[in-house]
Amino acid sequence: MQIDKDTQILIDERLKNNAPALESFTPQELRALRAKMADTPLELRVDISDVEDLSVKGTLGDIPIRKYFNSSTSDPKHKTSPLIIYFHGGGFVMGDLESHDLVCRHLCKEGKATIIAVDYKLAPEHKFPAPVIDTKDAITKILERAEEFNFDPNKVILCGDSAGGTLATVGTIMSRDNVIPKVHGQILVYPWVDMTMCRRSMDIELEGMILNKKTIKYFADHYLNNTKEQVDWRASPILTADLSNLPPTYIYGAGLDPLVDEGDAYKRRLLSFGNEVHYRLFPGQMHAFLSNSVQLPTSLICIKEMGKAAQTIFSKL
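The rules behind the values
- Residues numbered from 1 in each chain as written.
- Predicted model: local features only at pLDDT ≥ 70, side-chain atom pairs only at ≥ 80, totals over all residues.
- Heavy atoms only, no water.
- Pairing = 2+ DSSP bridges.
- Helix = DSSP H or I, 4+ residues; strand = E, 2+ residues; numbered from the N terminus.
- Axes fitted to C-alpha atoms, helices over the stretch in contact; angles between N-to-C directions.
- Contact = heavy atoms within 4.5 Å.
- 1 Å grid on protein atoms, 1.4 Å probe; cavity = no way out; pocket = protein on both sides within 12 Å on 5 of 7 lines; lining within 4 Å.
- Points joined across faces, edges and corners; volume = space filled by probe spheres on them.
- Parallel < 35°, antiparallel > 145°, perpendicular 65-115°, else oblique.
- Left-handed = near helix turned anticlockwise from the far one by under 90°.
- Buried < 20%, exposed > 50% of the residue type's maximum accessible area, 1.4 Å probe, protein only.
- Polar contact = N/O pair within 3.5 Å; in protein donor to acceptor, adjacent residues only side chain to side chain.
- Core = buried A, V, L, I, M, F, W, Y, C linked by side-chain atoms within 4.5 Å.
- Salt bridge = Lys/Arg side-chain N within 4 Å of Asp/Glu carboxyl O.

J.: Looking at this structure, I do not really get the sheet that holds strand E3 (residues 81-87). What am I missing?
T.: Backbone-to-backbone hydrogen bonds join strands into a sheet, with any given pair of strands oriented parallel or antiparallel. Across the sheet, 8 strands lie side by side as E1-E2-E4-E3-E5-E6-E7-E8; this open sheet has mixed pairing. Strands with a single pairing partner mark the edges of an open sheet, and in this sheet they are strand E1 (50-58) and strand E8 (277-282). Sheet twist, expressed as the average angle between the axes of neighbouring strands with direction ignored, equals 20 degrees. Contacting E3, strand E5 (151-161) and strand E6 (186-189), helix H6 (residues 163-176) crosses the sheet at an angle of about 140 degrees to E5. Relative to strand E7 (residues 249-254), helix H9 (residues 298-315) is tilted by about 170 degrees, and along the sheet it contacts E3, E5, E6, E7 and E8.

As structure tokens, this is what we get:
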């Protein structure tokens, strides 16, 4: 099993500190813990010229969003920029606009695009399908305001990591089905696309890792109302019967991640339907490395590649 040097240092640190398992916390405690982790050292902060907190109206209430635009990387020949709508990870239980603020700042620069991050509702207060409903409403309302938000509605990508990857995946399928306006690509980082938790990588066990099968079950139990929902395509989009005619897809996996087989399997299913798919594995990384660039700088390599992927998709439109 390949382990990246920085990953090993983080694992050793967690073992030394006797870091408790995530599933030992309540959802509210987890959110407070995640909020502490969101603090970025001054020397690692990324300046963006325009960051604005807004909201859109949803079926279940207001949905907070955060818009990132960087004038130094925008194309002066065009009055509008491409758009990446970002959905954060956190097992549907934790995470918010702050937890992935640094990711979005980096992606704004690397993708040369406007980023709009979506703060969808969390479980267990808002169980399935509440985050899906927020996703549908947020994408629809954001795209209705293209002129106000100054982005090109003909250049839109959905992006997300982990649980956010689920929502970006579901949103892309809803777009294909004309349930919401058209999007033109999806970028997924270790997406959680199979709630049945039956794939072999679920058995990856390495003491000190942030995520294992018990943690995933903890998140699923808080998110789903019953086990029958595991096979609802909106919870497990890999089980969608028809995956044809989807836009270009980029998937990034982590080799030490219990979800790694799901991303690989989703790639294979998309390819079997004739879609354009690009897959990149970071073999020595654990789950959640993307949002921990302070301790796991390989995150910055991944974000740079995500930015190039976005630019490639946009260049073909």
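Next comes the rest of the description.
J.: How should empty space enclosed by the protein be read in this particular structure?
T.: Think of a ball as big as a water molecule: rolled over the atoms, this probe shows where empty space is left. Considering all chains together, one arrives at 1 cavity of 30 Å³ or more under this definition. By volume, the largest cavity is sized at about 30 Å³. Contributing to the lining of the largest cavity are Tyr86, His88, Asp96, Leu97, His100, Cys104, Ala117 and Val118.

J.: I tried to follow the packing of helix H4 (residues 130-144) against H6 on my own but got confused; where do I start?
T.: Two quantities define a packed helix pair, namely the angle between the axes and the distance from one axis to the other. In contact at an axis separation of 10 Å, H4 and H6 are set at 55 degrees when each is read in the N-to-C sense. Classified by the angle between their axes, H4 and H6 sit oblique to one another. The way H4 lies across H6 gives a crossing that is right-handed. Within the contact between the two elements, H4 uses Pro131, Val132, Thr135, Lys136 and Ile139 and H6 uses Leu167, Val170, Gly171 and Met174.

J.: Sorry if this is basic, but what is going on with the side chain of Asn212 here?
T.: Within the element layout of this structure, Asn212 appears in the loop between E6 and helix H7 (213-223). Taking relative accessible area as the criterion, Asn212 reaches 17% and is therefore assigned buried. A polar contact is formed between the side chain of Asn212 and the side chain of Thr215, at a distance of 2.9 Å. In contact with Asn212, other than residues within four places in its own chain, are Glu23, Glu205 and Pro258.

J.: Whenever I open this one, the nonpolar core confuses me. Can you help?
T.: If you look at soluble globular proteins, the nonpolar side chains tend to sit buried side by side. One finds Ile142, Tyr266 and Met306 to be the most contacted residues of the largest nonpolar core, which totals 99 residues. Among the elements that take part in this core, H9 stands out by supplying 7 residues, more than any other. Dropping the residues within four chain positions of it, Met306 is found in contact with Leu107, Cys159, Ile187, Val189, Tyr252 and Leu290.

J.: So what exactly am I meant to see when it comes to the pattern of salt bridges here?
T.: As enumerated under the stated definition, the model contains 19 salt bridges in all. Across the salt bridge formed by Lys141 and Glu144, the nearest N and O atoms sit 4.0 Å from each other. You can see Lys141 and its partner Glu144 sitting in helix H4, 3 residues apart, about one turn around the helix. Residue class for Lys141 comes out partly exposed when judged on its relative accessible area of 32%. A residue is classified by how much of its surface remains accessible, and Glu144, at 56% relative accessible area, is exposed. The salt bridge partner of Glu276 is Lys316, with a shortest N-O separation of 3.7 Å. Placement of Glu276 in the loop between helix H8 (260-272) and E8 and of Lys316 in the segment after H9 is noted, with a sequence separation of 40 residues between them. Take Lys316: its relative accessible area is 58%, and that puts it in the exposed class. Counted as one network, the salt bridges with shared partners bring together Asp53, Arg66, Glu98, Asp101 and Arg105.

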